[in-house]
Amino acid sequence: MTDASDIPSVTASLRLIQDELAGAADGLQEDQLAALVSEIQQAKRVFVTGGGRSGLALRMYAMRLMHLGLTVHVVGETTTPAIGSGDLLIVASGSGTTAGAVAAAQTSVSEGARVAALTTDGDSKLAGIAHVVVVIPAAQKTDHSGAASRQYSGSLFEQALLLVLDAVFHTLWQAEGTPAEDLWPRHANLE
């Protein structure tokens, strides 16, 4: 059993995560983020997809886009329609090689939709397919060196992904100018 004095404090872990997130935020490219905002503003409908924790972050983001009044769908849900021209697929994959993410991007492009990818690898297969790429400077889940992040697996990418998506939502909301009380009626009421 580990001695309690050998266990780092939760606040020390929180500070590590905050510091790593600040570093990732500092490494983001404003032009890439602005391009993502523009794509969302121009889209007829928005579709989101990603595997694992990245997919969970995108599901949360879909809810926020719905609160703005956008037509948004989560890929894989039974009510998700076919994607087509004028639509946007937002896809996240830390490695940029996740098979499902790459396949969804390829299908979207073949159907005339635009693709926005969020990844750690701007030279990945997914990035090569996408019209807009946001590179999040974070460790990939298979990088266990501790150089890019001391957190486990792809945690920094997934955390930064959620914050980037929330920042993009906030930017869209501020640009639109709708008061929060006007968004509230769209909030789920069957909880």
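Up top is the structure these notes are about.
Let me begin by describing the structure that accompanies this report. (Residues numbered from 1 in each chain as written. Predicted model: local features only at pLDDT ≥ 70, side-chain atom pairs only at ≥ 80, totals over all residues. Heavy atoms only, no water.)

## Regarding the overall build of the protein
In terms of regular secondary structure, the protein is built from seven helices and five strands. The order of helices and strands in the protein, counted from the N terminus, is α-α-β-α-β-β-α-β-α-β-α-α. Computed over C-alpha atoms, the radius of gyration of the protein comes to 18 Å, within 12% of the 16 Å expected from 2.2 N^0.38 for 191 residues, which places it in the range of a compact globule. Principal-axis analysis of the C-alpha atoms gives the protein an extent of 55 × 40 × 35 Å. For the protein, the residues scored as buried account for 42% of the 191 residues in total. Put simply, of all contacts in the protein between residues at least 6 apart along the chain, 69% involve residues at least 24 apart. Counting only carbon and sulfur atoms, one obtains 54% of the accessible surface of the protein, whose full area is about 10,400 Å². Charge separation in the protein, taken as the distance between the mean sites of 11 positive and 20 negative side-chain charges, equals 6 Å. (Helix = DSSP H or I, 4+ residues; strand = E, 2+ residues; numbered from the N terminus. Rg over C-alpha atoms; globule rule 2.2 N^0.38 Å. Buried < 20%, exposed > 50% of the residue type's maximum accessible area, 1.4 Å probe, protein only. Contact = heavy atoms within 4.5 Å. Areas by Shrake-Rupley, 256 points an atom, 1.4 Å probe, with all protein chains shown as cover. Lys, Arg positive; Asp, Glu negative; His and termini not counted. Charge placed at Lys NZ, Arg CZ, Asp CG, Glu CD.)

## Overview of the pattern of salt bridges
Scanning all chains against the criterion turns up four salt bridges. Where Glu-39 meets Arg-114, a salt bridge forms, and the shortest distance between an N and an O atom there is 2.6 Å. Remark: Arg-114 occurs in strand S4 (residues 114-119) and Glu-39 occurs in helix H2 (residues 30-42); sequence separation between them is 75 residues. According to the relative accessible area criterion, Glu-39 is buried, its value standing at 12%. (Salt bridge = Lys/Arg side-chain N within 4 Å of Asp/Glu carboxyl O.)

## Focus: the nonpolar core
It is characteristic of soluble globular proteins that their nonpolar side chains tend to be buried jointly. Among the nonpolar cores identified, the biggest contains 38 residues, and Leu-36, Ile-40, Tyr-61, Ile-90, Leu-118 and Ile-136 are the most heavily contacted of them. Of the residues forming this core, the biggest block, 10 residues, is contributed by helix H6 (residues 155-176). Those residues in contact with Ile-40 that sit more than four places away from it in its chain are Val-46, Tyr-61, Leu-65, Leu-70, Leu-88, Ile-90, Val-168 and Leu-172. The next biggest cluster of nonpolar side chains, apart from the first, holds 16 residues, and it includes Ile-83, Ala-105, Ala-130 and Val-133. (Core = buried A, V, L, I, M, F, W, Y, C linked by side-chain atoms within 4.5 Å.)

## A look at the sheet that holds strand S3 (residues 88-92)
Strand order in the open sheet formed by five strands is S2-S1-S3-S4-S5, with parallel pairing between adjacent strands. Since the sheet does not close on itself, it has two edges, and those belong to strand S2 (72-74) and strand S5 (132-135), each with one partner. When strand polarity is set aside, the average angle formed by the axes of neighbouring strands in this sheet is 15°. With five bridges connecting them, strand S1 (residues 46-50) and S3 associate as parallel partners. (Pairing = 2+ DSSP bridges. Axes fitted to C-alpha atoms, helices over the stretch in contact; angles between N-to-C directions.)

## As for H2
The end-to-end C-alpha distance of H2 is 18 Å, a good match for the 18 Å that 13 residues give at a rise of 1.5 Å each. Against S1, helix H3 (52-67), S3, S4, S5 and H6 lie the buried residues of H2. (Expected span 1.5 Å × (residues − 1).)

## Some remarks on the packing of aromatic side chains
Applying the stated criterion to the full structure yields one aromatic pair. Between Phe-169 and Trp-173 the ring centres are 6.2 Å apart and the planes differ by 15°, which places this aromatic pair in the stacked class. Of this pair, Phe-169 and Trp-173 both sit in helix H6, four residues apart, which is roughly one turn of that helix. This pair shows no difference in class: Phe-169 is buried, exactly as Trp-173 is. Sitting above the plane of the Phe-169 ring, Arg-64 keeps its charged end 6.0 Å from the centroid. (Phe/Tyr/Trp six-rings, centres within 6.5 Å; stacked < 30°, edge-to-face > 60°. Lys NZ or Arg CZ within 6 Å of the ring centre and 35° of its normal.)

## Concerning the environment of Gln-106
Relative to the helices and strands, Gln-106 resides in helix H4 (residues 99-110). Beyond its immediate sequence surroundings of up to four residues, Gln-106 is in contact with Lys-125 and Ile-129.

## Points about the packing of H3 against H6
At their nearest, the axes of H3 and H6 sit 9 Å apart, and the two run at 10° to each other. One way to sum up the angle between H3 and H6 is to call them roughly parallel. Contacts between H3 and H6 involve Arg-53, Ser-54, Ala-57, Leu-58, Met-60, Tyr-61, Arg-64 and Leu-65 from the former and Ser-155, Phe-157, Glu-158, Leu-161, Leu-162, Leu-165, Asp-166, Val-168, Phe-169 and Leu-172 from the latter. Residue composition of the contact of H3 with H6, grouped by class: 12 nonpolar, two polar and four charged. (Parallel < 35°, antiparallel > 145°, perpendicular 65-115°, else oblique. Nonpolar A, V, L, I, M, F, W, Y, C, P; charged D, E, K, R; others polar.)

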